[in-house]
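Okay, here's what each chain looks like letter by letter:
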Amino acid sequence: MAYFGLSEISRGSIAVWRRNMDAFMKTYQVNFIPPFVEPVLYLLALGYGVGALIQEVDGISYPVFIAPALVSISVMYSSFFECTYSSYVRMYYQKTFDAMIATPLSIEDVITGEILWGATRSTIYATLMIPVLFLFGVIDMPTSLLLIPFAIPAGLLFAAIGICFTAITPGIDALNYPAFLFITPMFLFSGTFFPISILPQTLQYFAFGFLPLANVVSVNRAITFGEFSPLILYNILWVIGVGALFFLIALKLMKRRLTV
Amino acid sequence: MDVISATALRKRFGNLVAVDGINFSVYEGEIFGFLGPNGAGKTTVMKMVHCVSRRTSGDLFVFGMDAESHPREIKQRLGVVPQENNHDPDFSAFMNLTVYARYFGIQKRLAEERADELLDFMQLSEKRDVPVETLSGGMKRRLIIARALMNNPELLILDEPTIGLDPQARHLIWEKLRHLRSTGCTLVMTTHYLDEAARLCDRLVIMDQGKILVEGSPKELVREHAGTDIVEANATPDVIACLETAGVVFETFGDIIQVQTGTPQKIVSALMESCRLENVTVRRATLEDVFLKLTGRTLRE
Ligand SMILES: Nc1ncnc2c1ncn2[C@@H]1O[C@H](COP(=O)(O)OP(=O)(O)OP(=O)(O)O)[C@@H](O)[C@H]1O
Ligand SMILES: [Mg+2]
């Protein structure tokens, strides 16, 4: 219980992170496709397709409105799916975690490395999307470069949540539940494709109180629009605070699952 | 100082007692074996020794350190060959070794040199850069052994190291394990191949249902529990009746009878004369006889 398991984290977690980085880079041609293709598809279909009907949201063109949401969604998907399905495959099928904990690494090192890697993947994807969005003229430079540093805490948050589900899932199929019941609704209702302000007041409170993606979209939109308000400070603190909380829960749940 | 010392070591999984209060010591520089039927608790003991499984009660010291409180220090100095291969399928053989070395904090240059040495040692150099998934079962096993040696361990734990290997590969591994012993490495292994245990182990224990039944060198154990020779014949009713009248102590195992003896020639001639037996064989007693005698012949679930 000492310091919630934090005292068991060592530099070894970086070796776990590098293992995943090496595996990612081995197939980088495939891995680098989504961040280039996804924003193009979304912008064409939603930004310019649906956008042709909508014209403007709060005085802003629709493609410009959804651009920061696209980055937020990519950040969410990449770390959440990395730390659920991919982590589960490493943990259960490949026995990679078993091999690791037979070395000086602790369970906490392994989990920390996995979460750091999930966040890194989010950050890589956010970074790669920026030039694409810039070429479409839907984000401004250089302020939009701030999307990159914010992808780190946002990625950590979704990675930690993902690991929590991985730690309690009975099997890989059951990971579909959080994917469909948690991630997909969030993808639609977090101020991504329409502003949260059109929701009833209570739902707005709910979104900013409980939905990670709503807080992330809010910050990213402030970055690309260059408009900051006190709400943004709240969103940032929420992402960091809740991320830290889920990190501790992830360590605890994984320790319980992996200790024999 | 003993490399491993366990006192009243116990491990419970829910209601199941997998390891039931065992005592053993492993001395520096020896090969120490754990034998026992499926489910005896061998793997559980190995896992407690390499600190991935926590004991329920008792004491367990490795390198003089408590396994409970010093897992990192202990794991830094030992190598593990798990019962189930768990190489990293995303990498080549070479990368499997170097990535693993990073978990020990070994510098890149050193790790790469060592990886090439060990691939050579395990005769895998030709497979250096191929994806591990394309290796044969025996090659994968050798790679796992090479991986366990990356940190130059003082203690090597091998859980069925030669499982599923062809005779050539097994001989290669035996030779390598003896070589490691000659360099001062201590080895602890489990195996179901009793000839392997007899050849390799300086001392061994036979476990069953979580308990240690006997401990000793393979020779001692055979002498104490199986005598020197075994006379075997088909277990026909005639033979059994004849042996009973002759007053010879024998045991029946399925369709054969066995007589343990120090004077096989006498028994054989007596049997041939008075019972007119035809299919009589005489062989040296082996560890297998000891094993079957102590753990029974019924199959474990
Ligand atoms: N994680 C676990 N949870 C519950 N029971 C377990 C667990 N691991 C092992 N056991 C049980 O503990 C007992 C000992 O298992 P162990 O794997 O140590 O046997 P073993 O001697 O290595 O057998 P084998 O020769 O088949 O490898 C078995 O009854 C097994 O079912
Ligand atoms: Mg076993």
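## Digging into the coordination of the magnesium ion (ligand 2)
All names here are of chain B.
- Taken together, Thr-43 (OG1) and Gln-83 (OE1) make up the full set of protein donors to the magnesium ion (ligand 2), lying 1.8 to 2.1 Å away. In this pair, Thr-43 sits in helix H1 (residues 42–49) while Gln-83 sits in the loop between strand E6 (78–81) and helix H3 (93–103), placing the two residues 40 residues apart along the sequence.
- The exposure class of Thr-43 is partly exposed, given its relative accessible area of 22%.

## Here we look at the pattern of salt bridges
- Applying the stated criterion across every chain yields a total of 26 salt bridges over all chains.
- We note a salt bridge from Asp22(A) to Arg102(B), for which the minimum N-O separation is 2.6 Å. With Asp22(A) in helix H1 (residues 12–26) and Arg102(B) in helix H3, this pair bridges two chains.
- On the basis of relative accessibility, which here comes to 19%, the residue Arg102(B) falls in the buried class.
- Arg181(B) is paired through a salt bridge with Asp202(B); the nearest N and O atoms lie 2.9 Å apart. Of this pair, Arg181(B) sits in helix H6 (residues 167–182) while Asp202(B) sits in the loop between helix H7 (194–200) and strand E9 (203–208), and the two are 21 residues apart along the sequence.
- Residue classification places Asp202(B) among the partly exposed positions, given a relative accessible area of 31%.
- The network of salt bridges with common partners includes Glu82(A), Arg90(A), Glu114(A) and Arg121(A).

## Focus: the confidence of the model for chain B
- For chain B, the average pLDDT comes to 93, and 99% of its residues sit at 70 or higher.
- Across the interfaces of the predicted complex, the ipTM metric reaches 0.91, alongside a pTM of 0.93.

## Details of the packing of helix H4 (residues 62–93) of chain A against helix H10 (residues 212–225) of chain A
Residues and elements named next belong to chain A.
- Packing of H4 against H10 leaves a shortest axis separation of 8 Å and a crossing angle of 135°. As summarised for this structure, H4 and H10 are arranged oblique, according to the angle between their axes. For the pair H4 and H10, the crossing hand works out as right-handed. Contact residues: Val-64, Phe-65, Ile-66, Pro-68, Ala-69, Val-71, Ser-72, Ile-73 and Met-76 in H4; Leu-213, Val-216, Val-217, Asn-220, Arg-221, Thr-224 and Phe-225 in H10.

## Thoughts on the pairing of strand E4 (residues 57–62) of chain B
Residue and element names in this part refer to chain B.
- For strand E1 (residues 4–13) and E4, the ladder comprises five bridges, and the chain directions are antiparallel. The partner of Ile-4 across the bridge, within E4, is Val-62.
- Pairing of E4 with strand E5 (residues 65–66), which is carried by two bridges, proceeds in the antiparallel orientation. Pairing of Phe-61 across the sheet is with Asp-66, part of E5.

## Topic: helix H11 (residues 230–258) of chain A
- If you check H11(A), its first and last C-alpha atoms are 42 Å apart, about what 29 residues at 1.5 Å a residue would give, namely 42 Å.
- Those residues of H11(A) that fall on the buried side of the exposure criterion are Ile232(A), Asn235(A), Trp238(A), Val239(A), Val242(A), Gly243(A), Phe247(A), Ala250(A), Leu251(A), Leu253(A), Met254(A) and Leu258(A).

## Considerations on the interface of chain A and chain B
- With 25 residues of chain A in contact, the opposing surface of chain B contributes 23 residues.
- Buried area between chain A and chain B, both sides added, is near 2100 Å², and the carbon and sulfur share of it is 55%.
- As a salt-bridge pair, Arg19(A) and Asp88(B) come within 2.6 Å of each other at their nearest N and O atoms.
- Counting across the chain A and chain B interface gives 15 residue pairs in polar contact (both at pLDDT 80 or more).
- Of all the secondary-structure elements, those providing two or more residues to the side of chain A that touches chain B are H1 and helix H5 (96–101) of chain A.
- Among the elements that take part in the side of chain A that touches chain B, H1(A) stands out by supplying seven residues, more than any other.
- Broken down by class, the residue content of the side of chain A that touches chain B amounts to eleven nonpolar, six polar and eight charged.

## Structural notes on the environment of Val71(A)
Residue and element names in this part refer to chain A.
- Assignment of secondary structure puts Val-71 in helix H4.
- Placed 107 residues apart in sequence, Val-71 and Pro-178 show a C-alpha to C-alpha distance of 21 Å.
- Every residue in contact with Val-71, bar those within four places of it in the chain, is listed here: Ala-126, Met-129, Leu-133, Leu-147 and Asn-220.

## Quick word on the domain arrangement of chain B
- When the domains of chain B are assigned, the result is domain 1 (2–219) and domain 2 (228–284).
- Here the C-alpha centroids of domain 1 of chain B and domain 2 of chain B sit 41 Å apart.

## Side note on the side chain of Thr261(B)
Residue and element names in this part refer to chain B.
- As for its position among the elements, Thr-261 is in strand E13 (residues 256–261).
- Owing to a relative accessible area of 8%, Thr-261 belongs among the buried residues under this scheme.
- At 2.8 Å, the side chain of Thr-261 and the backbone nitrogen of Thr-263 are in polar contact.
- Those residues in contact with Thr-261 that sit more than four places away from it in its chain are Thr-228, Asp-229, Val-231 and Ile-267.

## Comments concerning the packing of aromatic side chains
Residues and elements named next belong to chain A.
- The tally for this structure, following the rule as stated, stands at 24 aromatic pairs over all chains.
- Note on Phe-24 and Trp-117: the rings are 5.2 Å apart at their centroids and 65° apart in plane angle, and the pair reads as edge-to-face. Here Trp-117 lies in helix H6 (residues 107–135) and Phe-24 lies in helix H1, a separation of 93 residues in the sequence. The burial state of Phe-24 is the same as that of Trp-117; both residues are buried.
- On the basis of an interplanar angle of 75° and a centroid distance of 5.4 Å, the ring pair of Phe-187 and Phe-193 is categorised as edge-to-face.
- Of the residues examined, Phe-187 reaches a relative accessible area of 13% and is grouped as buried.

## What about the site of ligand 1?
Residues and elements named next belong to chain B.
- Of all residues adjacent to ligand 1, which total 14 residues, the nearest are Gly-39, Lys-42, Thr-43, Thr-44 and His-192.
- Between ligand 1 and Asn-38, the relevant distance is 3.0 Å, taken from an oxygen atom to a side-chain nitrogen or oxygen of the residue.
- The contact in question runs from an oxygen atom of ligand 1 to an N or O atom on the side chain of Lys-42, over 2.7 Å.
- The set of elements that each furnish at least two residues to the shell around ligand 1 consists of strand E2 (16–26) and H1.
- Among the elements that take part in the shell around ligand 1, H1 stands out by supplying three residues, more than any other.
- Its residues placed into classes, the shell around ligand 1 shows five nonpolar, seven polar and two charged.

Here is what the cut-offs are and how they apply
Residues numbered from 1 in each chain as written. Chains lettered and ligands numbered in written order. Predicted model: local features only at pLDDT ≥ 70, side-chain atom pairs only at ≥ 80, totals over all residues. Heavy atoms only, no water. Donors = N, O, S within 2.8 Å, 3.2 Å for Na, K, Ca; no water. Helix = DSSP H or I, 4+ residues; strand = E, 2+ residues; numbered from the N terminus. Buried < 20%, exposed > 50% of the residue type's maximum accessible area, 1.4 Å probe, protein only. Salt bridge = Lys/Arg side-chain N within 4 Å of Asp/Glu carboxyl O. pLDDT = per-residue confidence, 0-100. Axes fitted to C-alpha atoms, helices over the stretch in contact; angles between N-to-C directions. Parallel < 35°, antiparallel > 145°, perpendicular 65-115°, else oblique. Left-handed = near helix turned anticlockwise from the far one by under 90°. Contact = heavy atoms within 4.5 Å. Pairing = 2+ DSSP bridges. Expected span 1.5 Å × (residues − 1). Buried area = accessible area lost by both parts, 1.4 Å probe. Polar contact = N/O pair within 3.5 Å; in protein donor to acceptor, adjacent residues only side chain to side chain. Nonpolar A, V, L, I, M, F, W, Y, C, P; charged D, E, K, R; others polar. Domains from an automatic or database assignment. Phe/Tyr/Trp six-rings, centres within 6.5 Å; stacked < 30°, edge-to-face > 60°. Near = heavy atom within 4 Å.

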